[in-house]
Amino acid sequence: MKRRILGGTGISVSEYALGAMMFGPWGNPDHDDSVRIIHTALDAGINFVDTADIYSAGESEVIVGKALKGGRRDGVVLATKFHNQMGEDPNTGGNSRRWIVRAVEDSLRRLGTDYLDLYQVHRPDPDTDIDETLSALSDLVRSGKVRAVGSSTFPADQIVEAQWASERRGHVRLRTEQPPYSILARGIEADVLPAAQRYGMGVLTWGPLSAGWLSGRDVTAGTGRSALERQKFDVTVPENARKLEAVAELKKLAADAGLPLTHLAIAFVRAHPAVTSVIIGPRTSDQLTDLLAGADVTLDSAILDRIDAIVPPGADLNPADNYYVPPALSDASLRRRA
């Protein structure tokens with residue numbers, strides 16, 4: 001497994017990161033099987049594990065903690081995230097100092113460790129000044145509980161704002177950004193990836209198989225992920241119909257290249273010079289085995305050009321695949337004078 005340096009931190013991470021969202025009731029509820037999958041990934045050379053407090057309401061972190069017992073923790077770059085609501089109290093979520101100082105302790109306890117290599121803001125919070133968030137994160141770094149901090153699914157303008165706030169207020173910088181990125185969701189190529197490159201940020205992409213669309217399986221069958229988020233798989237929706245057409249073309253391209261579609265999809269993401277590590281999120285051992293087999297696949301310019309012809313650079317075939325809608329678009333009161 002090849003390694004890259006994470007956002008100027010000097011931390012060496014594998015080109016694949018193991019995403020833990022599918023460990024727990026959201027995906028694989030069998031703790032022992034999930035631990036085996038994690039161990040297989042580590043034995044294959046993956047040294048980067050990414051989870052979040054919200055995944056299966058904390059159970060994913062518990063499973064990861066179990067897997068890292070017995071001396072494995074020191075060899076792993078461990079990342080988790082905070083932001084999403086973890087209880088009925090409105091203060092058990094968001095990006096406030098009040099929540100951050102509690103959330104990090106909860107994650108450390110579930111993970112069975114006394115420090116995090118990377119602590120990430122899972123989503124922007126329009127109700128919290130970025131200065132407040134960065135101040136709290138800086139204190140965690142100085143205390144030794146956190147080694148580096150990053151963001152996830154931040155628009156380019158908020159990446160820039162956070163970098164400026166750090167410089168002007170003397171806070172630690174966000175060293176990484178974790179955006180969705182796949183052949184079917186290329187919107188970040190226009191601004192997020194260039195912004196991350198300008199500030200020397202590591203980029204950890206998630207969703208390289210576009211929630212299963214690029215897995216080679218029939219995602220319209222109403223099982224697995226498609227059963228949970230029907231609106232993103234309903235082919236009567238024009239954006240999803242376009243995705244189905246694109247997948248058919250990509251399958252032909254993969255066959256012409258002698259590659260499984262999964263390997264083509266992940267190699268495409270790895271080919272972008274801004275990307276540090278691609279997060280893969282297997283639910284089963286077979287899925288992990290398939291993804292590991294494509295770790296050394298590279299795509300030549302001819303194949304990349306054919307992909308560009310199927311899905312143009314910077315295009316999101318379904319904007320809903322970004323999993324973040326800015327308040328200015330979701331809240332009508334922000335678009336209308338009182």
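Residue positions within a chain follow its written sequence, with the count starting from 1. Given that the model is predicted, a residue must reach a pLDDT of at least 70 before its local features are reported, and side-chain atom pairs must reach 80 or more before they are shown or counted; all residues, however, enter totals for whole chains, interfaces and linings. The basis for the side-chain values is all heavy atoms of the structure; hydrogens and waters are excluded.

**Q** Give me the lowdown on the overall build of the protein, citing residues and values where you can.
**A** Helix numbering and strand numbering both begin at the N terminus, where a helix is a DSSP run of H or I of at least 4 residues and a strand a DSSP run of E of at least 2. Helix and strand counts for the protein stand at twelve helices and ten strands. With C-alpha atoms as the basis for the radius of gyration, the globule rule is written as 2.2 Å multiplied by the number of residues raised to the power 0.38. Compactness check: the protein gives a C-alpha radius of gyration of 19 Å against a globular reference of 20 Å for 338 residues, within 12% of the reference. Expressed along its principal axes, the backbone C-alpha trace of the protein runs to roughly 60 × 55 × 35 Å. For the protein, the proportion of its 338 residues judged to be buried stands at 53%. A separation threshold of at least 6 residues defines the contact pool for the protein, and within that pool the share at least 24 residues apart is 77%. Type-normalised accessible area, obtained with a 1.4 Å probe on protein chains alone, sets the label of each residue: buried when under 20%, exposed when over 50%, and partly exposed for intermediate values. It only takes one pair of heavy atoms within 4.5 Å for two residues to be counted as in contact.

**Q** Please set out helix H5 (residues 156-169) residue by residue, giving values where relevant.
**A** For a helix, the expected span equals 1.5 Å multiplied by the number of residues minus one. Under the 1.5 Å per step criterion, the end-to-end length of H5 is 20 Å for 14 residues, consistent within 8% with the ideal 20 Å. All buried positions along H5 are accounted for by Ala156, Ile159, Val160, Ala162, Gln163, Ala165 and Ser166. On its buried face, H5 is in contact with helix H4 (130-143), strand E8 (174-178) and helix H6 (192-198).

**Q** Could you give me a rundown of the packing of aromatic side chains, with the residues and numbers involved?
**A** Here a ring pair, both rings aromatic, is described through the centre-centre distance and the interplanar angle of the planes. Only centres within 6.5 Å qualify two rings of Phe, Tyr or Trp (six-membered ring in Trp) as a pair; their planes then separate them into stacked at under 30 degrees, edge-to-face at over 60, and tilted for everything else. Following the criterion strictly, the structure yields five aromatic pairs and no others. Ring geometry for Phe82 versus Tyr119: centroids 4.9 Å apart, planes at 40°, classification tilted. Here Phe82 is found in strand E5 (residues 77-82), whereas its partner Tyr119 is found in strand E6 (residues 116-121), with 37 residues between them in sequence. Each member of the pair, Phe82 as well as Tyr119, carries the same accessibility label: buried.

**Q** Which residues make up the side chain of Thr205, and what values do they have?
**A** Assignment of secondary structure puts Thr205 in strand E9 (residues 202-205). Those residues in contact with Thr205 that sit more than four places away from it in its chain are Pro179, Tyr181, Val269, Val275, Ser277, Val278 and Ile279.

**Q** Could you give an account of the pairing of strand E7 (residues 146-152), with specific residues and numbers?
**A** Within E7, six of the seven residues are buried, which leaves it mostly tucked inside the rest of the structure. For the segment spanning E6, H4 and E7, crossover handedness is right-handed. Here E7 pairs with E8 via four bridges, running parallel. Bridge pairing links Val149 to Leu174 in E8. Looking down the strands as they point away from the viewer, one classifies a crossover as right-handed if the path from the first strand across the helix to the second runs clockwise. Any two strands between which DSSP finds at least two bridges are classified as paired.

**Q** Outline unusual backbone geometry, listing residues and values.
**A** With a phi close to 60°, Thr153 is a non-glycine residue in the positive phi region. Since its relative accessible area comes to 7%, Thr153 is described here as buried. Although it is not a glycine, Tyr323 sits at a positive phi angle of roughly 60°. With respect to the element layout, Tyr323 can be found in the loop between helix H11 (301-310) and helix H12 (327-330).

**Q** Now, about the environment of Asp129: what can you tell me, with residues and values included?
**A** Along the chain, Asp129 turns up in the loop between E6 and H4. Given the relative accessible area of 51%, Asp129 is considered exposed. Counting along the chain gives 34 residues from Asp129 to Asn95, while the straight-line C-alpha distance between them is 8.6 Å.

**Q** Any details on the sheet that holds strand E10 (residues 277-280)? Residues and values, ideally.
**A** The strand order E3-E4-E5-E6-E7-E8-E9-E10 describes a closed barrel built from eight strands, whose pairing is parallel. Strand-to-strand twist of the sheet, defined as the mean angle between neighbouring strand axes without regard to direction, takes the value 30°. Two strands pair when backbone bridges link them, and strand E4 (residues 48-50) and E5 are joined in this way by three bridges, in the parallel orientation. Residue pairing across strands places Val49 opposite Leu78, the latter belonging to E5. All axes are obtained by fitting lines to C-alpha atoms, using only the stretch in contact for helices, and the reported angles, taken between N-to-C directions, cover 0 to 180 degrees. Its contacts with the sheet put H4 on E5, E6, E7 and E8, and the angle it makes with E7 is roughly 150°.

**Q** If you had to explain the pattern of salt bridges to someone new, which residues and values would you point to?
**A** Between Lys or Arg on one side and Asp or Glu on the other, a salt bridge is scored when a side-chain nitrogen of the former is within 4 Å of a carboxyl oxygen of the latter. Counting across every chain of the model gives 19 salt bridges. Two residues, Arg306 and Asp256, come together in a salt bridge whose shortest N-O distance is 3.2 Å. Of the two residues, Arg306 is situated in helix H11 and Asp256 in helix H8 (residues 238-257); the sequence distance between them amounts to 50 residues. Since its relative accessible area comes to 39%, Arg306 is described here as partly exposed. Classification of Asp256 as partly exposed rests on a relative accessible area of 45%. In this structure, a network of salt bridges that share partners links the residues Arg4, Glu15 and Arg270.

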